[in-house]
Amino acid sequence: MSTLLERIGGEDAVKAVINAFYDKVFTDEALKPFFADTDFAKQRVRQTKFVVQFLGGKMPTAHEYMRNAHRKYVHEMGLGEVHFDIVVGHLAVTMQEFNVPAPLIAEVAAGLETLRNDVLDVPVKDAA
Ligand code: HEM
């Protein structure tokens, strides 16, 4: 069985989608404050690398990495469910624009859902 990454079109396809996705994220008024000090070019590269590894099934430390990367935004800036939903929504719309088939979009969204409690730093004992 091929990985989700392969079925979605490989690294080049992910790169194109992530770039278009970040055009939406970085201009979204609800998300902008979180990225006030962000180097956009660097963030695009780091995110692409992460998604390529995650979708390729090659990221055993993804959960810990996501928790550490977002913890301060949760506790200092109120990063919460609503922001997570907006981000996942932008990604789904972007994939639609790139004509990714709906079942694959659903699979990617389900994969990101497995990171929700980590991104939002929900204590492990409270997580579903
Ligand atoms: C499943 C969803 C998400 C994934 C896969 C993801 C992925 C990432 C990755 C890979 C990084 C880079 C970490 C590093 O190496 O330093 C990062 C940083 C960051 N993420 Fe997320 N993220 C997600 C959700 C969110 C949400 C909902 C927000 C809310 C706005 C957000 C805001 C940020 C910010 C502000 C940074 C730091 C950027 C900087 O260093 O300037 N992320 N994220």
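First, a word on what this report is: a plain description of the structure on this page. (Residues numbered from 1 in each chain as written. Predicted model: local features only at pLDDT ≥ 70, side-chain atom pairs only at ≥ 80, totals over all residues.)

**Topic: helix H5 (residues 81-97)**
Residue pairs three or four apart in sequence face the same way in an α-helix, which turns once every 3.6 residues. What counts here: A run of H or I in DSSP counts as a helix once it spans at least four residues, and a run of E counts as a strand once it spans at least two, with each numbered from the N terminus. How far a helix is expected to stretch is found by multiplying one less than its residue total by 1.5 Å. Using C-beta atoms placed from the backbone, we call a residue buried if 20 or more other C-beta atoms fall within 10 Å of its own, exposed if 12 or fewer do, and partly exposed for counts in between. Taken from the helix axis, the directions to the C-beta atoms give the arc we talk about. Residues are treated as contacting if the C-beta atoms built from their backbones sit within 7 Å of each other.
Counted at 1.5 Å a residue, the expected span for H5 with its 17 residues is 24 Å, and the 24 Å between its end C-alpha atoms agrees. When H5 is considered as a whole, its buried residues turn out to be His83, Val87, Leu91, Thr94 and Met95. Along the axis of H5, the buried positions cluster into a sector of 115 degrees, meaning they face one direction only. For H5, the exposed residues set more than 90 degrees away from the buried face come down to Glu81, Val82, Asp85, Gln96 and Glu97. Buried-residue contacts for H5 involve helix H2 (10-25) and helix H6 (102-113).

**Here we look at unusual backbone geometry**
Its identity is not glycine, yet Asn99 carries a phi of approximately 60 degrees, on the positive side. Mapping Asn99 onto the fold places it in the loop between H5 and H6. Given 6 C-beta atoms within a 10 Å radius, Asn99 is considered exposed. Even without a glycine there, the phi angle at Asp121 is positive, about 50 degrees. Mapped onto the secondary structure, Asp121 falls in the segment after helix H7 (116-119). Judged by C-beta crowding, with 16 C-beta atoms within 10 Å, Asp121 ranks as partly exposed.

**Remarks on the environment of Leu115**
Mapped onto the elements, Leu115 comes out in the loop between H6 and H7. Overall, the presence of 19 C-beta atoms within 10 Å leaves Leu115 in the partly exposed class.

**Some thoughts on the site of the ligand**
Quick reminder of the rule: The C-beta atom of each residue is placed using the backbone, and any residue whose C-beta lies within 6 Å of a molecule or strand is treated as near it. Side-chain classes follow a simple rule in which Ala, Val, Leu, Ile, Met, Phe, Trp, Tyr, Cys and Pro form the nonpolar group, Asp, Glu, Lys and Arg form the charged group, and the remainder, Gly included, forms the polar group.
Around the ligand, the structure places 19 residues, and the nearest of them are Phe34, Thr38, Phe50, Ala69 and Val87. At the level of secondary structure, the elements contributing two or more residues to the shell around the ligand comprise helix H3 (40-55), helix H4 (62-77) and H5. The dominant element in the shell around the ligand, judged by the number of residues it contributes, is H3, at 4 residues. A breakdown of the residues in the shell around the ligand according to their chemical character gives 12 nonpolar, 5 polar and 2 charged.

**Focus on the nonpolar core**
Our working definition: Nonpolar cores are identified as sets of buried Ala, Val, Leu, Ile, Met, Phe, Trp, Tyr and Cys residues joined via C-beta atoms within 7 Å.
Counting residues in each nonpolar core, the largest one holds 15 residues, and the members touching the most others are Val14, Val17, Ile18, Phe21, Val51 and Leu55. Every element with two or more residues in this core is listed here: helix H1 (4-8), H2, H3 and H5. Top element by residues in this core is H2. It accounts for 6 residues.

**Some details on the environment of Asn117**
For Asn117, the location among the structural elements is in helix H7. Remark: the alpha-carbon pair of Asn117 and Leu91, spanning 26 residues in sequence, is separated by 18 Å.

**What to know about H4**
Definition in use: The quantity called bend is, for any residue, the angle between two axes fitted respectively to the seven residues ending at it and the seven beginning at it.
When the terminal C-alpha atoms of H4 are compared, their 22 Å separation across 16 residues agrees well with the 22 Å that a helix rising 1.5 Å per residue should span. By the largest-angle criterion, His70 marks the main kink of H4, which is about 45 degrees. Once H4 finishes, Gly78 follows within two positions and takes phi at roughly 75 degrees, a positive value.

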